[in-house]
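Residues per chain, in single letters:
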Amino acid sequence: MPPISLATRTEPTYGEAMTQPLISQPQRLLIIDFGSQVTQLIARRLRELSVYCEIHPYQSVTDAFLKDFAPKAVILSGGPDSVTREGSPRAPEGLWTAGIPVLGICYGQQTMMQQLGGLVESGHGTAEFGRAFVTRKGPDLEILDGWFQAGDEQVWMSHGDHVSKIAPGFEVYGTSPNAPFAITADPARRFYAVQFHPEVHHTPKGAKLYENFVRLAGFTGDWTMAGYREEAIAKIRAQVGDKQVICGLSGGVDSSVAAILIHEAIGDQLTCVFVDHGLLRKNEAAEVVKMFRDNYKIKLIAADESDLFLNALEGISDPEVKRKTIGRLFIEVFQKYANQIEGAEFLAQGTLYPDVIESVSFSGGPSVTIKSHHNVGGLPEKMGLKLVEPLRELFKDEVRALGRELGLPASFIGRHPFPGPGLAIRCPGEITREKLAILREADAVYIDQIRKHGLYDEIWQAFAAILPMKTVGVMGDGRTYDYAVSIRAVTSVDGMTADTYPFTHDFLGETMTRIINEVKGVNRVFYDLTSKPPGTIELE
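What you are looking at is a predicted structure, and each value in this text was computed from that prediction instead of being measured.

Asker: Is there a simple way to explain the nonpolar core in this structure?
Answerer: One recurring pattern in soluble globular proteins is that nonpolar side chains are buried together. Core analysis: the biggest nonpolar cluster contains 98 residues, and Tyr 446, Ile 450 and Phe 503 have the highest contact counts within it. Examining the composition of this core, we find that nine residues originate from one element, helix H7 (residues 253–266), more than from any other. Phe 503 has contacts with Tyr 446, Ile 450, Leu 455, Ile 459, Ala 489, Leu 508 and Tyr 527, leaving out every residue within four places of it along the chain. Counting residues in each nonpolar core, the second largest holds 40 residues, with Val 51, Ala 179, Ala 182 and Phe 196 among its members.

Asker: What's the story with the environment of Val 102 in this structure? I'm lost.
Answerer: Structurally, the position occupied by Val 102 is in strand S4 (residues 102–105). Among the residues examined, Val 102 registers a relative accessible area of 0% and is labelled buried.

Asker: How do you make sense of the pattern of salt bridges when you look at a structure like this?
Answerer: Pairing between side chains becomes possible if they bear opposite charge and their charged atoms approach one another. Under the defined criterion, the tally for this structure stands at 28 salt bridges. Between Asp 81 and Arg 85 there is a salt bridge, and its shortest N-O distance comes to 2.7 Å. Residue Arg 85 is classed as partly exposed on the basis of its relative accessible area of 40%. Across the salt bridge formed by Asp 242 and Lys 243, the nearest N and O atoms sit 3.3 Å from each other. With relative accessibility at 61%, the residue Asp 242 sits in the exposed group. In this structure, a network of salt bridges that share partners links the residues Arg 229, Glu 264 and Glu 405.

Asker: Quick question: what am I supposed to make of the side chain of Glu 54 here?
Answerer: As for its placement among the helices and strands, Glu 54 is situated in strand S2 (residues 52–57). The charged side chain of Glu 54 is buried without a salt bridge, its nearest counter-charge being Arg 28 at 4.0 Å. Polar contacts involving the side chain of Glu 54 include one to the side chain of Tyr 52, which spans 2.8 Å.

Asker: Help me understand empty space enclosed by the protein in this model?
Answerer: Regions of empty space are outlined by a rolling probe, equal in size to a water molecule, passed over the atoms. A full pass over the atoms with the stated rule returns two cavities of 30 Å³ or more. Approximately 40 Å³ is the volume attributed to the second largest cavity. Gln 109, His 162, Val 163, Asn 178, Ala 179, Pro 180, Phe 181 and Gln 195 are the residues that line the second largest cavity. Secondary structure elements with two or more residues in the lining of the second largest cavity: strand S8 (161–165) and strand S10 (179–186). In terms of residues, the lining of the second largest cavity owes the most to one element, S10, which gives three residues. Classifying every residue of the lining of the second largest cavity gives four nonpolar, four polar and no charged.

Asker: Quick question: what am I supposed to make of the packing of H7 against helix H13 (residues 396–405) here?
Answerer: Helices that pack against each other are described as a pair by the angle of their axes relative to one another and the distance between those axes. Two numbers describe how H7 lies on H13: the axes approach to 10 Å, and their chain directions differ by 45 degrees. Between H7 and H13, the angle falls in the class oblique. Taken as a pair, H7 and H13 cross one another with a handedness that is left-handed. Within the contact between the two elements, H7 uses Val 253, Asp 254, Val 257 and Leu 261 and H13 uses Lys 396, Val 399, Arg 400, Leu 402 and Gly 403. Taken together, the residues of the contact of H7 with H13 break down into five nonpolar, one polar and three charged.

Quick notes on the rules
Residues numbered from 1 in each chain as written. Predicted model: local features only at pLDDT ≥ 70, side-chain atom pairs only at ≥ 80, totals over all residues. Heavy atoms only, no water. Core = buried A, V, L, I, M, F, W, Y, C linked by side-chain atoms within 4.5 Å. Buried < 20%, exposed > 50% of the residue type's maximum accessible area, 1.4 Å probe, protein only. Helix = DSSP H or I, 4+ residues; strand = E, 2+ residues; numbered from the N terminus. Contact = heavy atoms within 4.5 Å. Salt bridge = Lys/Arg side-chain N within 4 Å of Asp/Glu carboxyl O. Lys, Arg positive; Asp, Glu negative; His and termini not counted. Polar contact = N/O pair within 3.5 Å; in protein donor to acceptor, adjacent residues only side chain to side chain. 1 Å grid on protein atoms, 1.4 Å probe; cavity = no way out; pocket = protein on both sides within 12 Å on 5 of 7 lines; lining within 4 Å. Points joined across faces, edges and corners; volume = space filled by probe spheres on them. Nonpolar A, V, L, I, M, F, W, Y, C, P; charged D, E, K, R; others polar. Axes fitted to C-alpha atoms, helices over the stretch in contact; angles between N-to-C directions. Parallel < 35°, antiparallel > 145°, perpendicular 65-115°, else oblique. Left-handed = near helix turned anticlockwise from the far one by under 90°.

Right, dumping it as structure tokens:
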């Protein structure tokens with residue numbers, strides 16, 4: 001076959017991809033994004049209620065879009081702008097006559113009020129940031145059923161502007177010290193608005209508000225992983241037909257679930273390419289190959305290219321240069337093996353919904369660069385294969401649920417995240433084979449300790465890193481000059497923020513002793529206490 005060209009990428013855009021309906025579409029809720037940092041959390045709360053929802057940036061939601069999407073309800077997110085600024089974001093005018101329930105949150109409340117005849121003002125000492133308490137006011141309101149059960153309710157505020165006059169038809173149902181219109185509603189039109197953020201953890205009963213909203217909107221909770229599996233398989237078959245598909249398999253949960261789902265849909269039309277770049281954990285390459293060849297009988301090209309990668313990384317210490325080197329080589333290697341697959345027209349990827357959302361900001365420009373391990377190790381934006389991305393409507397926890405639905409082993413589904421550049425970013429400074437060997441052993445001992453104490457599933461991510469330093473030590477009667485290792489463990493919901501896991505001193509002491517006794521070349525162990533922010537989860 002002729003070489004696969006990386007010249008013309010045919011990937012649907014953010015708006016195009018997410019408006020392609022499932023073959024049998026569940027009830028849909030639309031979230032209009034005005035740029036809040038926590039808009040994804042709204043979608044997560046709704047998915048937890050078995051409600052299918054999609055996030056779309058405000059500028060793409062025209063009246064025509066709204067009619068085609070046909071949501072049963074709409075939520076307006078928060079955002080950083082001010083509705084008092086000329087040209088600031090607005091909801092489409094057709095929303096107010098669509099006859100569907102609407103919930104406005106923070107900025108969403110403010111634009112609702114402004115567009116419907118109310119008034120929003122800036123300043124005047126009414127800003128609120130952080131924890132606040134809302135007091136009930138007015139008659140009963142369906143969206144607040146079961147909410148004010150113990151007096152004032154704690155919420156999380158984050159606003160500088162405030163509603164100074166509510167729109168005609170609205171009443172006040174809750175107030176806070178600096179938000180006299182903290183909860184407003186026009187029940188006749190089923191318009192609801194809150195100044196606080198019910199999606200965040202610091203609004204303890206926020207989930208109850210969403211539960212009430214979707215119930216009054218008539219959602220039946222028809223979003224199930226069994227249904228998604230069935231629809232995704234039909235969608236893959238319709239897209240691919242009788243053509244061949246290549247899947248870049250990293251061995252992580254996302255690409256593995258994607259591969260198994262696609263294989264269930266098209267069988268031997270799928271070939272996976274697994275590249276061992278020499279930066280994997282202890283025994284990881286062998287475990288991945290065994291699982292896919294022995295358990296799933298999927299066609300697999302296992303390419304050991306560790307010498308190529310490690311030779312190219314020799315002498316490089318800059319973390320960004322490391323990532324770019326790994327990404328460039330991965331592209332070259334992947335293309336070399338992809339060219340061996342006759343008739344390949346599609347490339348499968350484990351792209352998730354957060355990747356799709358984060359690739360476009362509310363203002364239409366790029367907001368977050370997708371990590372270099374995403375898109376098969378950082379493939380360039382233009383390539384000659386059409387994309388198959390069956391997970392692009394799912395969050396990470398939903399991918400794990402789909403994996404369970406597909407019968408993947410629980411031990412695999414629950415694996416901690418592992419970065420695409422692998423151990424390269426857990427080895428600050430220059431990478432050497434000696435340091436990688438020490439790191440693999442130290443990490444294996446550390447993870448064994450966590451499993452031994454029954455803590456693995458309580459932790460979002462745990463790993464060892466080898467530091468770019470040697471320290472003096474005493475072992476027996478001799479002086480040592482060996483490497484220092486840092487161990488890290490964090491808890492998180494989605495990886496956006498993270499707290500240090502509170503190991504006991506006994507656990508840390510036992511782990512330190514095991515690493516130093518069992519791993520030659522280490523004489524000192526640190527525990528990384530840094531949360532995210534200010535740090536990141538990984539070192540580089």
